[in-house]
Each structure stands twice: as C-alpha cells, then as structure tokens.
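What follows is the residue order along each chain.
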Amino acid sequence: MKLKFTKMHGAGNDFVVIDAINQHIDFGPEEWRRLADRRFGVGADQILVVERASSPGIDFRYRIFNNDGGEVEQCGNGSRAFVRFVVDKGLTRERSIRVETMSGVIAPRLEEDGNVTVDMGAPRLDPAEVPFDSTGLAGRPQGGDTLWPLALTVGGAEQEVLVSVVSMGNPHAVQVVDDVDSAPVADTGPLIEHHPRFPKRVNAGYMQVVDRHHIRLRVFERGAGETLACGTGSCAAVVAGIRRGLLDSPVRVSARGGELSIAWAGDGQPVYLSGPAVTVFEGEIEI
C-alpha cells in the first residue's frame, strides 16, 4: 500500500506522523520498523499515529511506536508534533486539544509564537507505578527524593549508579553526572534500559546541573537508543532535580538537538513541557 506521511521533529527528536483518520492503517512491528529505518524507510526515532478518539470529550487518540517496532505509552516531544500536525492538516480548528494515550489524557496547546505547551499530568513517584522493583534495595534519601542503587556490569567490572525513578506515563531512571558530554551513555544506557528491576524496561537519563534553572541532558530511550532530545525524559529529570533539592522551576533543558522548558510546582501537580515542533517534509512511501 502507499502511505502518506509527514516528517517532523521536536528539538531533533524526529518522527514520522501518520493520519490514520483519512487512510486505513493495519501495520505490525515489522512494518513500523521498516518505516522508521533510516536506510530502507523514512527514518525516525518514533512513529506517531493520529486516530479518532474513542471517548467523549476527547479530540484524538495518539499512538506511539518506537523504531524497534514496539508500541509505547508516551512521548513528550511527539505530543508537540501531534498538535502541530492536526492543526496544520485542518483536522481541528482548536489550538488546545485533549488527546488520549496509552497512559492517560494529555492536553497540548499550540501557542501564538509557534511553540507548543503540553500538560503532561502529574509524575508518578511510587516505584511500583513506574514500574520499578525496589524489593530488598536500601534507598538513599536526598531532599524529598529517594535514590536507588543499580548494579551494572561494564567491561567485566561491577559498578553502582544511583538513580531517581519517575514515570511520566513511561518509565525513567535519572542520574546526575558531572559532565554530560563524557557520560557513558552508550555503555550504561542499554544496561539500565534492560535492567531486571524495570519489568517494562526504562529510559535512562543523564543530567548535568548547570544552575538551579538550567540543566544539560542526554537520554538513552527505551526501544530507540540515544535521541537528540526527549520530552518525557526532560520532565522526569526536572522532577527528579527539584525533588532532590538541586533545581527550582522553571528549568531550561539543553539537549543535543535543542532546548525545552519545563515547569513543575511540586508533588501532585502537573508538569508543563514547552518547546518547538517543526515540519520537515511530506511524502508517500510504498509499504
């Protein structure tokens, strides 16, 4: 079949966006992998699928597939691309919409300056809700947070990293590093992603605190590898930093692909993610 698509990015985190309202889509993991392949397909970190909502009071349904073909619960940068897409394509006349995802309802809003702000909901901080198996582990308190030790084997040597665990609708393990450029993302990112204490795998974040309102961040994403930016990873890192007493809201997040802004008022409150959403090109591919 011939599939129409739009290529977009949010701070370098790139997407193939598909209108599944006006064209029929019935793909499995193999087709999603092929579409996301940078040599044999279009190429993307994630594929975003726009569908009709199944619940009253909701505008659209939002599905996300990583480039390994697996469906995931949430993608913050993708949610910004989502609202930009549905407005540009005339699928809605509203600049603020409600969208259902696997992890709940989010509310992205297209701002007058072209940036997009998303109410990502309140973070989930109970390890069981991340999910994270803390059985038998001695957590180490820091500020209002708990740091959890993860045992890793790197190059045949045992090491321990301390992480905050946060769910933004998808699981994150955030560690603080002195220098994000030299952080061992390629070495330890896959080990953290597949660590047995995360039954649904996890996104591994490496956060360098520049000052109380600015961090630098790299994220090894579950099912996608390191990306140039991660919206939910930025939210999780800021939540962890605020709870640890290292940051104050709002926080500028500098990723390798661009900058995002995160605001959070504290436990029980929603996290607000703001940043760009850009259309790169449109096309059609035979799948």
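Basis of the calculations
Residues numbered from 1 in each chain as written. Predicted model: local features only at pLDDT ≥ 70, side-chain atom pairs only at ≥ 80, totals over all residues. Heavy atoms only, no water. UniProt positions renumbered as here; feature names shortened; annotations may be inferred. Helix = DSSP H or I, 4+ residues; strand = E, 2+ residues; numbered from the N terminus. Contact = heavy atoms within 4.5 Å. Core = buried A, V, L, I, M, F, W, Y, C linked by side-chain atoms within 4.5 Å. Buried < 20%, exposed > 50% of the residue type's maximum accessible area, 1.4 Å probe, protein only. Salt bridge = Lys/Arg side-chain N within 4 Å of Asp/Glu carboxyl O. Expected span 1.5 Å × (residues − 1).

Colleague: Quick one: what's the story with the UniProt feature "active site" (unreviewed entry) in the protein chain, residue by residue and with numbers?
Modeller: With numbering matched to this structure, UniProt assigns "active site" (unreviewed entry) to Cys75 and Cys230. Spatial clustering of the annotated residues is evident: they stretch over 156 residues in sequence, but the largest pairwise C-alpha distance comes to 7.7 Å. Following the sequence through the fold, cysteine 75 ends up in the loop between β5 (71–72) and α2 (76–88). Look past the residues within four positions of cysteine 75 in its chain and what remains in contact with it is Asn13, Phe15, Gln46, Tyr62, Ile64 and Thr232. In contact with cysteine 230, not counting residues within four places along its chain, are Asn13, Asn77, His172, Val219, Glu221 and Leu260.

Colleague: With reference to specific residues and values, describe the side chain of serine 79.
Modeller: Here serine 79 shows up in helix α2. Ignoring anything within four residues of it in the chain, the contact list for serine 79 reads Tyr62, Ile106, Pro108, Val118 and Met120.

Colleague: Lay out unusual backbone geometry with the relevant residues and their values.
Modeller: Residue proline 131 is reached from valine 130 by a cis peptide bond, and omega for that bond is 0°. Along the chain, the position of proline 131 falls in the loop between β8 (116–119) and β9 (140–142). Looking along the chain, the bond that leaves serine 249 and enters proline 250 is cis, with omega of -5°. The topology assignment puts proline 250 in the loop between α4 (231–243) and β16 (251–255). Even without glycine at this site, alanine 11 takes up a positive phi of about 55°. Along the chain, the position of alanine 11 falls in the loop between β1 (2–10) and β2 (13–19). With phi around 65°, arginine 201 is a residue other than glycine that occupies positive phi space. Along the polypeptide, arginine 201 turns up in the loop between α3 (185–193) and β13 (203–211).

Colleague: Report on the nonpolar core, specifying residues and quantitative values.
Modeller: Counting 50 residues, the largest nonpolar core has Val50, Tyr62, Phe82, Ile215 and Val253 as the members making the most contacts within it. Sort the elements by how many residues they give to this core and α4 lands first, with seven residues. Apart from the residues lying within four places of it in its own chain, the contact partners of tyrosine 62 are Leu48, Val49, Gln74, Cys75, Gly78, Ser79, Phe82, Val99, Glu100, Thr101 and Ile106. Counting 19 residues, the second largest nonpolar core, distinct from the first, contains Val163, Val180, Ile192 and Val202.

Colleague: Hey, could you go over the pattern of salt bridges for me, with residue numbers and the actual values?
Modeller: With the rule as written, the count across this model stands at 21 salt bridges. Across the pair lysine 7 and aspartate 14 runs a salt bridge, and its minimum N-O distance is 3.3 Å. Lysine 7 gets classed as buried once you look at its relative accessible area, which sits at 10%. Between lysine 89 and glutamate 282 there is a salt bridge; the shortest N-O distance is 2.5 Å. Of the two residues, lysine 89 is situated in the loop between α2 and β6 (99–101) and glutamate 282 in strand β19 (residues 278–286); the sequence distance between them amounts to 193 residues. Relative accessible area serves as the criterion here: at 38%, lysine 89 is assigned to the partly exposed category.

Colleague: Residues and numbers for the environment of valine 180, please.
Modeller: Here valine 180 shows up in the loop between β12 (171–176) and α3. The class for valine 180 is buried, based on a relative accessible area of 2%. Put simply, valine 180 and glutamate 71 are 109 residues apart on the chain and 29 Å apart in space, counted from C-alpha to C-alpha.

Colleague: Can you tell me about α2, naming the residues and giving the values?
Modeller: End to end, α2 covers 19 Å across 13 residues, agreeing with the expected 18 Å (1.5 Å per residue, within 8%). Of all 13 residues making up α2, 11 are buried, and the element is well covered by its neighbours. The set of residues buried in α2 consists of Gly76, Asn77, Gly78, Ser79, Arg80, Ala81, Phe82, Val83, Arg84, Phe85 and Val86. Of the residues one or two after α2, glycine 90 is the one with positive phi, at around 75°.

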